[in-house]
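Architecture at a glance
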Amino acid sequence: MAESGKPGVEEDPELQSRLAKLLTVGEECQTVPELTRLLQSKGAEGQPRFNLYDGFEPSGRMHIAQGIFKAINVNKCTDAGGHFIFWVADWFGLMNDKMGGDMEKIQVVGKYLIEVWKAAGMNMEHVEFRWCQEAITNEAEAYWGQCLDIARRFTVSRIKKCCTIMGRGEGGLSAAQILYPIMQCTDIFFLKADICQLGVDQRKVNMLAREYCDAAGLKKKPVILSHHMLFGLLAGQAKMSKSDPDSAVFMEDTREDLVRKFQKAYCPKEAATGAAAAAAADEDMHLTKDELANPCLDYVKQIVFGPEGATFTAGGTTFSDADSVREAFLSGALSEEDLKAGLVDAVDAMLAPVRHHFETDATAKGYLDQIKEWKAKGLDKTAPASALKRLRIAALEGVGDLHAVFAPAPYAQIELEEVLNILALLASKVDTAKGGLQAVLVLEDWNAFVCNAMTGDKAAIRASMTMLSTALRILAPEVMERVFVLWQSEEAMRDSSTYWVSVINVGRKNSCDRVLQTAEDATQAGQVVAGMMHVATALATNASTLVCASGTRQEAMHNFVKEYVEGVRSSGDDSISIPDVSVVPCPTWRLKEEVAPVWDASGSVLLLDNDKELNPKIKKAYCREKELDFCPPLTIACRCLTLGVAKQVQISRKEENGGDKAYTTAEEITADFGSGALHPGDLKPAVAKMLNDVLAPVREAIKADKDLKKVESDLKNFVKKNGKKGGRW
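The structure presented is a predicted model; accordingly, all values stated were derived computationally and were not measured.

**Let's talk about the packing of helix H17 (residues 416-427) against helix H19 (residues 458-475)**
Interaxial distance between H17 and H19 falls to 10 Å at its minimum, and their mutual angle equals 65 degrees. As H17 packs across H19, the resulting crossing turns out to be right-handed. Judged by residue contacts, Leu416, Val419, Leu420, Ile422 and Leu423 of H17 engage Leu468, Ala471, Leu472 and Leu475 from H19. Its residues placed into classes, the contact of H17 with H19 shows nine nonpolar, no polar and no charged.

This is how it looks when you write it as structure tokens:
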């Protein structure tokens, strides 16, 4: 018995048979022990079936590897106890503007391809076709949450290694091409696949899924069963190409097509050289070494002998296995002419049921006739990049001049300086003498998560942003009455399809390197996704002005938005105006003279400081008599007076020292401090009292609201959990 208490392979002939059958599907299995354990718990009689998955984009013709070869492998998998899920990537076709960017046409092509598989002999009893657009739309939060979690855990360099799944190398990648492997990795978990049954060319992204399990602490990894990639029919082709009609057999090919293609096919008897040798050695396409790289023998082995019990007749001889055919050909017993003639007969017999199905089945014929009509009219062509698509938020449409302010990255230790800087940005554009909506405050919670803010703790990110927006409403109610608070994730989920098409369109028009110019850490894949999402979110605000503080990364991010809209408009789309970027000076509040190498709470006034925490900070703050260049208490006093969160700074002192005095303007208090009329010893306690008065309504609101009190508790617990590591949390 195996250690698990279940029979081992050698003790269970039925398990041994199922395992052997599955291993004939894959050129590689990652890993055989894991597959064995899976088969011990799933797939046998009385057990649930295990899930396998493969995906396809309905974007055109189906070649024989997708058709006959796939049908053969699926039948083996379902015979072994599997439930095969085909992920019909109609949404990806829409994003790539296939079939002219028309979803209805894309879905017709998808249905046509399903009919091909039916006719090709695929047993549909345990096969499921899941349509990407419908599935993702119905479970958008789960899908995109998983996608962002994968993105945040990998470097750009690692993701680039997966980009051969799109037939491209690593150089000159668009930002969208970084997102595609992340989404494909997401598909695996979204579909709850036990086995990834795709081609060797997809191996790197499937391995990414296994690495993600390690990074995320998931014990159960998907098994990878990578099937062989058929060589292209011409010399030097590591795989078939849809763009070269003579590189592959297609499912609608006639016998005449087969004769022409196989007659022209590369068919060597000696080890490949030159381009053919390079194709044979391409590890992205072939894991099993084949120095001959003979596509005709490849078809014999993989296609003709794919079904169990198959035979092959050529040159008057009937062969029962592929090795015998290869031996006969290499020895000269089977001529190239006879080998190719036998291939024509064998493949033609396999395609005949497909042709018959599309001639006699009304539904299948209808799909094919539609596609032929679209081809005749040129409507099947890939369209140019779509016109600007953006999420539309009902509350923000038709507002007129609208100004957008984006909150900074969240922390549990929220600095009052940041709160008032955001207020300053809003106040620079909001006229409280006028009514109506004038600005939008954007809380980019998704961006924060994918950039690993607050260790990627979604609840902590939500708590920080909730506390920030609540404090703004308490401190400046008249301003905030005219501000729409936009949660990025919530608005995106209202129309997730449009939002993510918008995100990916940004990525299609910009290189990965260009997006990373806006990033805080250019090594991380999550930063690429965040850059694209920032543009899509900014477009959703429909803002005429993007406002940011001076000296922050947001200026570069907003200019990227402006650049993107300029590019869209230059191509003829004037559906959105080019936003202005407004940069507002915001002074620093650093309390200490020296710049600490690591952020220290004692050097900052925090939103959640109580009086016992706040007062000592101000008392120890740097403040030299008459020195105006750097005087944090004076800067704080001026900021609060200018923004109106404090009505006055009340100085309490003896008559001989000048007596009590209330300052109501920044100019007045600055003049007195600069002249020496106001001493640091009098300024500091007055500023501490002013700050406690400013924060008092926030403290009272937290005490009175149990939900807000929990938010405060969550933030403080987060700091306790992580604060020992040093720095700001």
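Next comes the rest of the write-up.
**Topic: helix H22 (residues 496-509)**
With 14 residues, H22 extends 20 Å between its outermost C-alpha atoms, agreeing within 8% with the 20 Å of an ideal straight helix rising 1.5 Å per residue. H22 sits mainly inside the fold: 11 of its 14 residues count as buried. Inspection of H22 places Ser496, Ser497, Tyr499, Trp500, Val501, Ser502, Val503, Ile504, Asn505, Val506 and Gly507 among the buried residues, and these make up the whole buried set.

**Some remarks on the sheet that holds strand S13 (residues 580-584)**
Two modes of strand pairing occur in sheets, parallel and antiparallel, and in both the strands are linked by backbone hydrogen bonds. Spatially, the five strands line up as an open sheet ordered S11-S10-S9-S12-S13, and their pairing is parallel. Looking at strand neighbours, the two that pair on one side only are strand S11 (483-487) and S13, the edges of this open sheet. With direction set aside, neighbouring strand axes in the sheet form an average angle of 25 degrees. Here strand S9 (residues 403-406) pairs with strand S12 (residues 545-549) via three bridges, running parallel. Within S12, the position partnered with His403 by the bridge is Thr545. Sitting on the sheet, H19 touches strand S10 (439-443) and S11, and the angle it makes with S11 is about 175 degrees. Contacting S9, S10, S11 and S12, helix H24 (residues 525-541) crosses the sheet at an angle of about 145 degrees to S9.

**Regarding the pairing of S9**
Regular strands have side chains that alternate between both faces of the sheet. Taking every second residue as pointing to the same face, both faces of S9 are buried, with His403 and Val405 on one and Ala404 and Phe406 on the other. As defined by bridge partners, S9 adjoins S10 across four bridges and the pair is classed as parallel. For His403, the partnering residue across the bridge sits in S10 and is Ala439. After leaving S9, the chain enters H17 and then returns to the sheet as S10, a path that is right-handed.

**Considerations on empty space enclosed by the protein**
Here the structure, examined in full by the defined rule, presents five cavities of 30 Å³ or more. For the largest cavity, the calculated volume is near 80 Å³. Looking at which element gives the most residues to the lining of the largest cavity, the answer is H19, with three residues. Around the second largest cavity, the lining residues are Ala538, Leu539, Ala543, Leu546, Val561, Val565, Ile576, Ser577 and Pro579. Broken down by class, the residue content of the lining of the second largest cavity amounts to eight nonpolar, one polar and no charged.

What counts and what doesn't
- Residue indices begin from 1 for each chain and proceed along its sequence in written order.
- Reporting of local features is limited, given that this is a predicted model, to residues whose pLDDT is at least 70; pairs of side-chain atoms are given and counted only at 80 or more, and all residues count toward the totals for whole chains, interfaces and linings.
- Processing note: side-chain calculations cover all non-hydrogen atoms of the structure and skip hydrogens and water entirely.
- Here an angle of 0 to 180 degrees is reported between the N-to-C directions of two axes, which are lines fitted to C-alpha atoms, with helices fitted over the stretch in contact.
- Secondary structure elements are taken from DSSP: a helix is a run of H or I of four residues or more, a strand is a run of E of two residues or more, and numbering for both begins at the N terminus.
- The sense of a crossing depends on the near helix, which, turned anticlockwise from the far helix by less than a right angle, makes the crossing left-handed and, turned clockwise, makes it right-handed.
- The contact definition used throughout considers only heavy atoms, calling two residues in contact when any of these lie within 4.5 Å.
- Under this grouping Gly is polar, as are all residues other than the nonpolar Ala, Val, Leu, Ile, Met, Phe, Trp, Tyr, Cys and Pro and the charged Asp, Glu, Lys and Arg.
- Given a helix with a known number of residues, its expected span is that number minus one, times 1.5 Å.
- Note on classification: 1.4 Å probe, protein chains only; a residue is buried when its accessible area is under 20% of the maximum for its type, exposed when over 50%, partly exposed between these limits.
- Here, strands pair whenever DSSP counts at least two bridges between them.
- Classification remark: right-handed applies to a crossover when, strands pointing away from the viewer, the course from the first strand over the helix to the second runs clockwise.
- Grid points spaced at 1 Å and placed over the protein atoms alone form the basis of the search, with a cavity being a set where a 1.4 Å probe fits but cannot get out and a pocket an open set showing protein on both sides within 12 Å along at least five of seven lines. Lining residues have an atom within 4 Å of a point.
- Grid points are joined across faces, edges and corners, and a volume is the space filled by probe spheres set on the points.

Taken by themselves, the reported measurements are silent on function.
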